[in-house]
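A closer look at the structure
For reference, the chains in residue letters:
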Amino acid sequence: MSILKMEDVCYRYEKTGNNVLEHIDYEFDSGKIYAIVGKSGAGKTTLLSLLSSLAAPTAGKIFLDGQDIAKIDKYRFRSSYIGVVFQSFNLLPHLTAEENVLLSMNISKKHYGKKREHAREMLRKVGLNEDEMQRRVLKLSGGQQQRVAIARAMSYDPQILLADEPTGNLDGETQDEILGIFRQLAEEGKCVILVTHSPDVAREADVVYELSRIAPPPTGKKKKASA
Ligand SMILES: Nc1ncnc2c1ncn2[C@@H]1O[C@H](COP(=O)(O)OP(=O)(O)OP(=O)(O)O)[C@@H](O)[C@H]1O
Ligand SMILES: [Mg+2]
């Protein structure tokens, strides 16, 4: 059974009446990397917000291990089952890298023997050294912040990692290193879902889903008869 399954999912932004997603049937398995690609405005970030339960589908359902996520407490879902790396990282800039990771472990209700040691282990895993771990996030480079965001998302050991443009502003070498981290997580059995504009990242994925922009309603629906 897929760990995450979208069944006939549609989404419309109520305020603007903007239909963004229509009849999406995607399945995600553990141990694989998925790339969601598509033009700007196609609805990739919107789709991630549905998968992370920040918004609910207008129609259709999303299942986690066969259970409708609408029936799972949102707070618990986001703090235990799913890790999210936002495009803007959403780190707390005045806290150190280590404090950022510790904070999300504290928010999740999971228990750890030695919290600080676990946080440091996560940061080591994504390639931060001792000095960088103790540095305030605002004094880290973009690539290092990206790593902290991944370490934080993985700190409470979720089964699924969602990342929006995780290599957006990185040089080729750093991008490869970050991709290496995702590959390692998939090999450990995690389900890794990446939104990307990068063909290199998409190539690294096991499965690619392409979202298309929805044609504007309703007059554009019929094809013109003229040649
Ligand atoms: N809060 C909102 N209210 C109304 N419309 C929105 C809202 N957020 C996004 N949209 C619209 O929904 C569509 C999809 O947006 P989304 O951010 O999901 O696209 P995207 O595929 O992530 O694009 P990009 O590659 O530029 O990040 C766009 O037309 C966007 O303008
Ligand atoms: Mg986006």
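Note that this is a predicted model, so its numbers are computed, not measured.

**Remarks on the layout of surface pockets**
As a volume, the largest pocket reaches approximately 430 Å³. What lines the largest pocket is a set of 19 residues, among which Arg78, Phe86, Ser104, Arg152 and Tyr156 lie closest to the centre. With four residues, helix H3 (residues 97-107) is the largest single contributor of residues to the lining of the largest pocket. Size it by volume and the second largest pocket reaches roughly 200 Å³. For the lining of the second largest pocket, the elements supplying multiple residues, two or more each, are strand E2 (18-24) and helix H1 (44-51). Residues of the lining of the second largest pocket, tallied by class, amount to five nonpolar, nine polar and four charged.

**Regarding empty space enclosed by the protein**
In this structure the tally under the stated criterion is one cavity of 30 Å³ or more. Its volume calculated, the largest cavity comes out at about 60 Å³. Lining the largest cavity we find Met122, Lys125, Val126, Ala151, Met154, Ile181, Gln184, Leu185 and Glu188. When residues of the lining of the largest cavity are traced back to their parent elements, those giving at least two are helix H4 (115-125), helix H6 (142-154) and helix H7 (172-187). For the lining of the largest cavity, the leading source of residues is H7, giving three residues. Split into classes, the residues belonging to the lining of the largest cavity amount to six nonpolar, one polar and two charged.

**Quick notes on the packing of aromatic side chains**
Per the stated rule, a full pass over the model turns up seven aromatic pairs. Judged by centre distance (5.0 Å) and plane angle (75°), the rings of Phe28 and Tyr34 are edge-to-face. You'll find Phe28 and Tyr34 in the same group, each marked buried. Measuring from ring centre to ring centre gives 6.0 Å for Tyr34 and Tyr209, while their planes differ by 15°; the resulting arrangement is stacked. Taken as a pair, Tyr34 in strand E4 (residues 33-37) and Tyr209 in strand E10 (residues 207-210) lie far apart in primary sequence, 175 residues in all. Of the two residues, Tyr34 and Tyr209, both sit in the buried class.

Conventions and cut-offs
- Residues numbered from 1 in each chain as written.
- Chains lettered and ligands numbered in written order.
- Predicted model: local features only at pLDDT ≥ 70, side-chain atom pairs only at ≥ 80, totals over all residues.
- Heavy atoms only, no water.
- 1 Å grid on protein atoms, 1.4 Å probe; cavity = no way out; pocket = protein on both sides within 12 Å on 5 of 7 lines; lining within 4 Å.
- Points joined across faces, edges and corners; volume = space filled by probe spheres on them.
- Helix = DSSP H or I, 4+ residues; strand = E, 2+ residues; numbered from the N terminus.
- Nonpolar A, V, L, I, M, F, W, Y, C, P; charged D, E, K, R; others polar.
- Phe/Tyr/Trp six-rings, centres within 6.5 Å; stacked < 30°, edge-to-face > 60°.
- Buried < 20%, exposed > 50% of the residue type's maximum accessible area, 1.4 Å probe, protein only.

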